Every structure is written in structure tokens, then in C-alpha cells.
Amino acid sequence: MVKITVKDVEKMADLAKLELSAEESLNFEQSLQVILEQMEVLQQVETNRVEPTVYVLPAKNVFREDQVGTCLSKEEVLVNAPEVENGYFKVPRII
Amino acid sequence: MSSLLGLTAHELQGLLKKKEISSTDLVKEHLTKIKTVDDKIKALVTVTEKEALEQAQKVDEQRMRGDELSPLAGIPMALTDNICTSGIRTTCASRVLENFVPPYSATVTEKLQREDAVLLGKCNLDEFGLGATTENSAFFATHNPRDLQAVPGGACGGAAAAVAAEEVAFSLGSDTGGSLRQPASFCGVIGLKPTYGYVSRYGVIPCASSLDQVGCLTRDMMDCALVMNAISGHDPLDSTSLSGKAPDFTEFLINDVQGLKIGLPKEYLRGGLAPEILASVQQAAAKLEELGAHCEEVSLPHHEAVLAAYQIIAAAEASSNLARYDGVRYGLRVEGEDMDALFKKTRSQGFGAEVKKRIILGTYVLSSEQYAAYYLKALKVRTLIKKDLARVFQDYDCLLIPTTPTVAFNFAEKQKQVLTGNLDIFTSPANLAGIPALSLPWGTVQGRPVGLQLLGRAFGEETLLRVGYTLEQNTELTRLRLKGKGVS
């Protein structure tokens, strides 16, 4: 049986770019433990020769002609941006 | 003139055609109903009064000119607030998208606009579709119009409540593991989740992409067929959209089930099921037998693993889909000293607890150490669940099960549970297998609606509509009137 720790939760939070309070981490540790125990039922299913199903439909690439079509204008694309400068999304200094 | 509220879209269209009423009258009457009852029900996040009145007037002018109009022209409807509407706020009931006004519309929105259906508002849901009671909306909880003490179900509780409360004639929602059928059942309306790929997902903010499908909530089967006619069909903007021409769903409304073989999966009709729900399914099976169908017990052996597989796949896909909310291109931004701090602050303050929990779970099952044990395992079990269903559908035309294990419960009753996932026990198999499923009201238990569910083979909407229509034409149980402890 897997045992989840607060450290595991904090690691996942970091990977998912979330900052959790100590209370949240503890809370999620407990919920996750219960959820993963419920998931143990899967281990009882024999799946050695079973292919995974990622999509229910036969997966295929969808191609189109490489032609310019209509798309949103730059102004429309930027309209919901929290911060814009000179027609670009603006973010804090990276380097 | 008697009230127009509570009539179906096709009944209203009949009155519009005869020019007994105008679309403006119709929209005004529904807007008044919204103003009267929605402070108690809270089905709507946004009411689009001005746009609705303008559009109703346009439709009225077209009708006066004698233009050819569609069956949904001038009919009041609502969309779940994860369906993008150009120029109209689309929030997913999340703080992250609280002020998001999409510069484009979902394909289903455009299709309904082309039919001149009139949008009255955007419906509340569990934040990003994660939940089963609509209590996880970042704004407010929606109440069940049949009984205000009860939850409306979820994630699309607002869309079901809006139809049940007679605020609109029909609505659209999305269904990831029952998000549309379960509230349909709790609120006593019809909910159809079509075959995966039948309806475009373009512009529908995703929850779990391999499971999500847009469907409709209506008062009768004719409306279900008319809305499906409007929204289905190939869309080049959705690469998972099916090619080919969609059928005319009204042709499937046949009042005859003679000779149809209907399976009753034995694993679904035992332990954990409320006795009154089991009795309802048995009563429906007896009715179908009486009408000439053959009902027999069938087996779906991997039933036990359905919920675990569903929860893992849904959380994994949701955690990936929710990665896009980073405070850079749209939505909430909470400033930080660097990019990492900006991402973390934005996401931590923007998402509610349930969403964070699913992100953590999804990240965990996708992490390199756990991938094989959980995510890959769940995908393999998904194959077995799909095969179980495919095998049964070789011999049976459809399956009959309940939509939910109980009727709607009171607020906070399920809070103590870690996941409300066991509510998805009857609904998630259809999403895992991509098959169509219809939830149909079947009377009430102590004033709270019961939902029957019919599952069909992929592209088997024909049988579901036929069986649903036959039950509707031969019983009084499928059309619930608004009365009792709710808001009538």
C-alpha cells in the first residue's frame, strides 16, 4: 500500500506550480491517501496483455492544406492579457 | 393568455409560428421569471438581458418579413459557463476566469446563434467542471428547483436547474463523467450525452479532453432531437470531431420498442443502490416489456474498477488542461517577484480547494514514479470496460440503469466524503467508452426526481431517442411539472 506524505504533496504542488498552506498540504495528504486506497481496486485487474485506451476513437492525425486562413487579430488575442507592452504579453524579468 | 413558462421549445415554436406570441414576449416572460426566482435558485452566473431582447426583436422582424426560420428560432435558452460566448463573460465559475470575455465563440454557440435561439444567460457549474453538486462554484451554490434544500447535482447544476425552474426552454452543458446527466436526473429534466465526437468541443473550456462531450438538457424528447440537430456535425476546428454528416435526430422519435433487446447490467442493480431507485428501474423495464421490448440481465464484469479508472484519467487530464492558467495571456494574474512566483501566486489564489486537490492527484498519477501503477493501469482498465460494453452491445440494443445511486441529497451531505466520485458510478462508464447516454426523468421519490439512464452503442443515439420517446409517449412519468417544495 502506498503511503503519501506531506512532502509528496508539496513536491506535486511545486510541479503543478501551486503554493499550499500548511493546512492545505495536510488536508490534501489525507484526501490523497484515501483516494489512492480506493484506487487499489485497479491492481486486482489483470491487464498484462491489454493495450491502453487513450482515446475512444481510432487516433489519427488530422491534416489540412497549409494555407493562411482567418484568425483573431493581434488586438483580439491581447484583449484579455493582464499586461501588454508594444503588442506583446508582458511578464516579469526572466533573465 | 396562459403562462408560456414550462412549455417545450417545439410547443413554443408552434405559438410563434401562428403569431400568437412574439419572441420578445417569450423572452420577456422568461426574464421576469429569472428575476423572480433566480435569487433563490442561483442557476445563472450572468444574465444577458440586453442581448437577448435585441436578438428576440431581430427574430420577430424576420418572422414578420416571412423569412424561413429554424425550429429553435426565438426560443430562450442558456449555456453552461464553460462554453465560450464572444463578447459575453465566460467564467467556468472560477476566480481565474472571473473577468474573461472570450474574443470568439464555441462552435456550439455559433450553431445555436445561426438557428436564432436566444441566449438568456450563462449557467453556474462546479469550478472547471470539477464536482458533482455545483457547491464548488467559486461564486455561489445553485439550488434544486424541485426542492431548495437539495443540491441540483453537478458539474452542470445551473444548466439543469435553469430548465427545471422554467427560466429557459433548454440549455447546453458538458459531460465528463456525468456532469450533465446527473444534474438532469436530480432536477428532473432530460439530459443527453452524445457519442464522443458527435458535437464539437471547440471553444468549450476543457475539463478532461478524452471524456468531455457537449450535450443538451431539455423538457422532452422532441426538443432533445431538435437541439441535437442544431449542435451536432463535423467541425474542422475540433480534431476529434467526427467526419460525415450528422443524422436528422427527429427521425429517431419512433413510438415503438417492439423487438428491441434491452440489457439490465446485474452488477449495477445491486448493493449501494437506494431501493426506490432500483424499484424505478424495474418498473421502467416492466413498462418496456409491456410495450414489446425484451429486457434481460447482462453482465459487465469490470464494473468494480470503473470509478477508480475514471477518477485517475479525469484527474490526470484535468491537471494537464489546467496548466494553461498561468496569469500571462488571459485570466487572473497575481504579481510575483519572478515568473515562478507569479505562476504560483496566480494559481494558488485563483483556484478553489477542489480544483487544487484534483491537480495534485492528477500530477501524482502522471509523475514518473507512479505513471505505470496508476495512469497507465487506468488506461488499460479503460480498454476492458470498453470491451465489456462492446461485447454486450453485440446482442443488445441498449442498456437500462439508473442515472444516480440516490435522488438529490441536501446541501453539505456529501462534504464529509473525500470525493463525490461515487455519484459518477452509473454515468462515467459512458464517458470512458465514448458511447451515448440519455437520462430521462421517471417520477419522483418524496418530491425529488428519479433519473433512468439508457446507454447505447457508439452512434446509437437512434435507439436511445426511440426508447426515450416511447416511454415518454406511454407514461406520465417523464415530464415533471414544477410544483411542491421548489420554486413554482
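Residues numbered from 1 in each chain as written. Chains lettered and ligands numbered in written order. Predicted model: local features only at pLDDT ≥ 70, side-chain atom pairs only at ≥ 80, totals over all residues. Heavy atoms only, no water.

Chemist: Go over the interface of chain A and chain B with me, naming the residues and quoting the values.
Modeler: Facing 49 residues of chain A, the contacting portion of chain B comprises 67 residues. Interface area, chain A with chain B, both sides summed: about 5,000 Å², of which 69% is carbon and sulfur. Note that Lys17 of chain A and Asp340 of chain B form a salt bridge whose closest N and O atoms lie 2.5 Å from each other. The interface formed by chain A and chain B contains 19 residue pairs in polar contact (both at pLDDT 80 or more). Mapped by element, the contributors of at least two residues to the side of chain A that touches chain B are helix H1 (6-15) and helix H2 (22-38) of chain A. When residues of the side of chain A that touches chain B are assigned to their parent elements, the largest contribution, eight residues, is made by H2 of chain A. Here the side of chain A that touches chain B is built from residues that sort into 32 nonpolar, six polar and 11 charged. (Contact = heavy atoms within 4.5 Å. Buried area = accessible area lost by both parts, 1.4 Å probe. Salt bridge = Lys/Arg side-chain N within 4 Å of Asp/Glu carboxyl O. Polar contact = N/O pair within 3.5 Å; in protein donor to acceptor, adjacent residues only side chain to side chain. Helix = DSSP H or I, 4+ residues; strand = E, 2+ residues; numbered from the N terminus. Nonpolar A, V, L, I, M, F, W, Y, C, P; charged D, E, K, R; others polar.)

Chemist: Tell me what's going on with the environment of Val450 of chain B, and back it up with residues and numbers.
Modeler: All names here are of chain B. Locating Val450 in the fold gives a position in strand E11 (residues 448-456). Along the chain, Val450 and Ala408 lie 42 residues apart, while their C-alpha atoms are 8.5 Å from each other. Sequence-distant contacts of Val450, that is, excluding residues within four places in its chain, are made with Ser185, Ile277, Ser280, Val407, Leu440, Pro441, Trp442, Gly443, Thr444 and Val445.

Chemist: Just give me the short version of the side chain of Glu127 of chain B, but keep the residues and values in it.
Modeler: Residues and elements named next belong to chain B. Structurally, Glu127 can be placed in the loop between strand E3 (118-123) and helix H5 (157-164). For the buried Glu127, which has no salt bridge, the nearest side chain bearing the opposite charge is Arg95, at an N-O separation of 8.0 Å. Polar side-chain contacts of Glu127 include one of 2.7 Å to the side chain of Ser94. Sequence-distant contacts of Glu127, defined by excluding residues within four places in its chain, comprise Cys92, Ala93, Ser94, Arg95, Asn136, Ser137, Gly350, Phe351, Gly352 and Val355. (Buried < 20%, exposed > 50% of the residue type's maximum accessible area, 1.4 Å probe, protein only. Lys, Arg positive; Asp, Glu negative; His and termini not counted.)

Chemist: Describe the pairing of strand E9 (residues 398-402) of chain B, naming the residues involved and giving the relevant values.
Modeler: All names here are of chain B. Most of E9 sits inside the fold, with five of its five residues counted as buried. By the alternation rule, side chains of E9 split into Cys398, Leu400 and Pro402 and Leu399 and Ile401, which are all buried. Bridge count between strand E7 (residues 261-265) and E9: two bridges; the pairing is parallel. When the sheet's bridge partners are listed, Ile262 is paired in E9 with Cys398. (Pairing = 2+ DSSP bridges.)

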